[in-house]
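For reference, the chains in residue letters:
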Amino acid sequence: MRILITNDDGITAPGLKLAERIGADLAGPDGEVWVVAPDFERSGVSHAISYTVPMRMTQLDERRYTVDGYPADCVLVGLHVILKENPPDLILSGVNRGHNVAEDVVYSGTAGAAMEGGLNGVRSIALSQFYGSGPDRPDDLWEPARDWGLKAVRAVMDMPFADHSFYSVNFPALRRDEIRGLKVCPQGIRADATFEIVPYRAPNGRDFLFTRHNTANLSAPEGTDARLCLDGWVTITPLRPQLTAEDLLDGARAALG
């Protein structure tokens, strides 16, 4: 098996190293693991690509590259340049530091990279690790993804892929004895606001605005990714880039007359 790995936290991110371990275990001694990741953190860039500016690619090792672009760029470079003659069997994006549930998926560079893989007809999985401040959180942030990553990816590999689909896997921020297993579920949408803008005055007197993420996961419907991760499940959600609101088409046509 040939596996391409990327992320949105950058080439030096600890979650990328974990994804490489998962990939190496999955590929086996006769397989290949290739890494193409951004040169620095690109969180929150969604499915952005460097459409109007050129990119530079730097080879760091035999199968390790960095690109001064976005996560989706890294997938495109991997597929159309580095592995053009020998395309990968699987793309792993992550492991992201922080969850990508509910509407996070819309903003996520981790999900954006997996989406680009799906659009190119390659089985692709986004991997994300919750982190929290509760009493049940693991001492090691990455423990849940380390324990469950390979199991989750192997499970997804047995699931159907169709119509440019991809999968999003989220690991709960709980100690290993609190994690209940794998659960396939839909993406949720939180009722409460996810982001807010926080004004900040720097020591030099200049004013800035920061975006702060509020973890309002309890406001998502029961049975969705955001809630199930809180309940101790490793969630698996099939996704696709087709955004048409099918249920509104007839009403929209009727309104047009």
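Below, the structure is looked at part by part. Since the structure is predicted, the reported quantities are computational estimates derived from the model, not experimental observations.

Rules behind the numbers
- Note that residues are indexed from 1 along each chain, following the sequence as it is written.
- Owing to the predicted nature of the model, reporting of local features is limited to residues with pLDDT of at least 70; listing and counting of side-chain atom pairs is limited to 80 or more, with chain, interface and lining totals taken over all residues.
- To obtain the side-chain values, all non-hydrogen atoms of the structure were included, while hydrogens and water were left out.
- Between N-to-C directions, angles span 0 to 180 degrees; the directions come from axes that are lines fitted to C-alpha atoms, helices contributing only their stretch in contact.
- Every helix listed is a DSSP run of H or I at least four residues long, and every strand listed is a run of E at least two residues long, numbered separately from the N terminus.
- Relative orientations are named as follows: roughly parallel for angles under 35 degrees, roughly antiparallel for angles over 145 degrees, roughly perpendicular for angles from 65 to 115 degrees, and oblique for any other angle.
- Throughout, a crossing is termed right-handed when the near helix is turned clockwise from the far one, and left-handed when it is turned anticlockwise from it by less than a right angle.
- A contact between two residues is defined here by any heavy atoms of the two lying within 4.5 Å.
- Being paired, for any two strands, means DSSP has found at least two bridges between them.
- Each residue is placed in one exposure class: buried if its accessible area under a 1.4 Å probe, protein chains only, is under 20% of its type's maximum, exposed if it is over 50%, and partly exposed if it falls in between.
- Put simply, a salt bridge is a Lys or Arg side-chain nitrogen that is within 4 Å of an Asp or Glu carboxyl oxygen.
- Gly is placed with the polar residues, together with every amino acid not listed as nonpolar (Ala, Val, Leu, Ile, Met, Phe, Trp, Tyr, Cys and Pro) or charged (Asp, Glu, Lys and Arg).
- Residues form patches when they are more than 30% accessible in relative terms and have no salt bridge. Like charges link within 9 Å. Nonpolar side chains (Val, Leu, Ile, Met, Phe, Trp, Tyr) link within 5 Å.
- Under the convention used here, a 1.4 Å probe and the Shrake-Rupley method define accessible areas, while residue burial counts only the protein chains that appear.
- Identification of polar contacts relies on pairs of N or O atoms within 3.5 Å, with a donor-acceptor requirement for protein atoms, meaning one able to donate a hydrogen and the other able to accept it, and with residues adjacent in sequence counted only if both atoms are side-chain atoms.

### Points about the packing of helix α1 (residues 14-27) against helix α5 (residues 143-157)
Argument step 1. Relative to each other, α1 and α5 sit at 45 degrees, their axes nearing to 10 Å. The angle between α1 and α5 places the two elements in the oblique class. Crossing geometry of α1 relative to α5 is assigned as right-handed. When α1 is examined against α5, the residues Leu-18, Arg-21, Ile-22, Asp-25 and Leu-26 are found in contact with a partner set consisting of Ala-145, Arg-146, Gly-149, Leu-150, Val-153 and Arg-154.

### Regarding the sheet that holds strand β7 (residues 166-171)
Argument step 1. Spatially, the nine strands line up as an open sheet ordered β3-β4-β2-β1-β5-β6-β7-β11-β8, and their pairing is mixed. Two strands in the sheet have a free side with no partner beyond their single neighbour: β3 (57-61) and β8 (181-184). Direction aside, neighbouring strands of the sheet carry axes that sit 20 degrees apart on average.
Argument step 2. With five bridges connecting them, strand β5 (residues 90-97) and strand β6 (residues 124-129) associate as parallel partners.

### Notes on the side chain of Thr-224
Argument step 1. With respect to the element layout, Thr-224 can be found in the loop between β10 (207-213) and α6 (225-230).
Argument step 2. Overall, Thr-224 belongs to the buried group, its relative accessible area being 6%.
Argument step 3. Those residues in contact with Thr-224, other than ones at most four positions away along the chain, are Cys-185, Pro-186, Gln-187 and Gly-188.

### Quick word on the pattern of salt bridges
Argument step 1. For the structure shown, the criterion picks out 13 salt bridges.
Argument step 2. A salt bridge links Arg-227 to Glu-222, with the shortest nitrogen-to-oxygen separation between them at 3.6 Å.
Argument step 3. Using a relative accessible area of 17% as the deciding quantity, one classes Arg-227 as buried.
Argument step 4. Across the pair Asp-250 and Arg-253 runs a salt bridge whose closest N-O atoms are separated by 3.5 Å. Within this pair, Asp-250 and its partner Arg-253 are both found in helix α7 (residues 249-256), separated by three residues, close to a single helical turn. The residues Asp-250 and Arg-253 share a single accessibility class, namely exposed.
Argument step 5. When salt bridges that share partners are traced, they join Arg-2, Glu-32 and Arg-63 into one network.

### Here's the deal with the packing of helix α2 (residues 71-82) against helix α4 (residues 109-119)
Argument step 1. Two elements in contact, α2 and α4, have axes separated by 7 Å at closest approach and are oriented at 30 degrees. Between α2 and α4, the angle is such that the two are roughly parallel. You can see that α2 and α4 cross each other, and the crossing is right-handed. Across the interface between the two elements, Pro-71, Ala-72, Val-75 and Leu-76 from α2 touch Gly-109, Gly-112, Ala-113, Glu-116 and Gly-117 from α4.
Argument step 2. Of the residues in the contact of α2 with α4, the class split is five nonpolar, three polar and one charged.

### Examining a nonpolar patch on the surface
Argument step 1. Together, Val-106, Tyr-107 and Phe-195 make up an exposed nonpolar region whose accessible area comes to about 280 Å².
Argument step 2. If you trace the backbone, Val-106 turns up in helix α3 (residues 104-107).
Argument step 3. Owing to a relative accessible area of 53%, Val-106 belongs among the exposed residues under this scheme.

### Digging into α4
Argument step 1. Along α4, ten of the eleven residues are buried, which leaves the element largely enclosed by surrounding structure.
Argument step 2. Turning to α4, its buried residues are Gly-109, Thr-110, Ala-111, Gly-112, Ala-113, Ala-114, Met-115, Glu-116, Gly-117 and Gly-118.
Argument step 3. Buried positions along α4 lie against β1 (2-6), α2, β5, α3, β6 and β7.
Argument step 4. Measuring from the side-chain oxygen of the N-cap residue of α4 to the backbone nitrogen of Thr-110 gives 3.0 Å; that N-cap residue is Ser-108.

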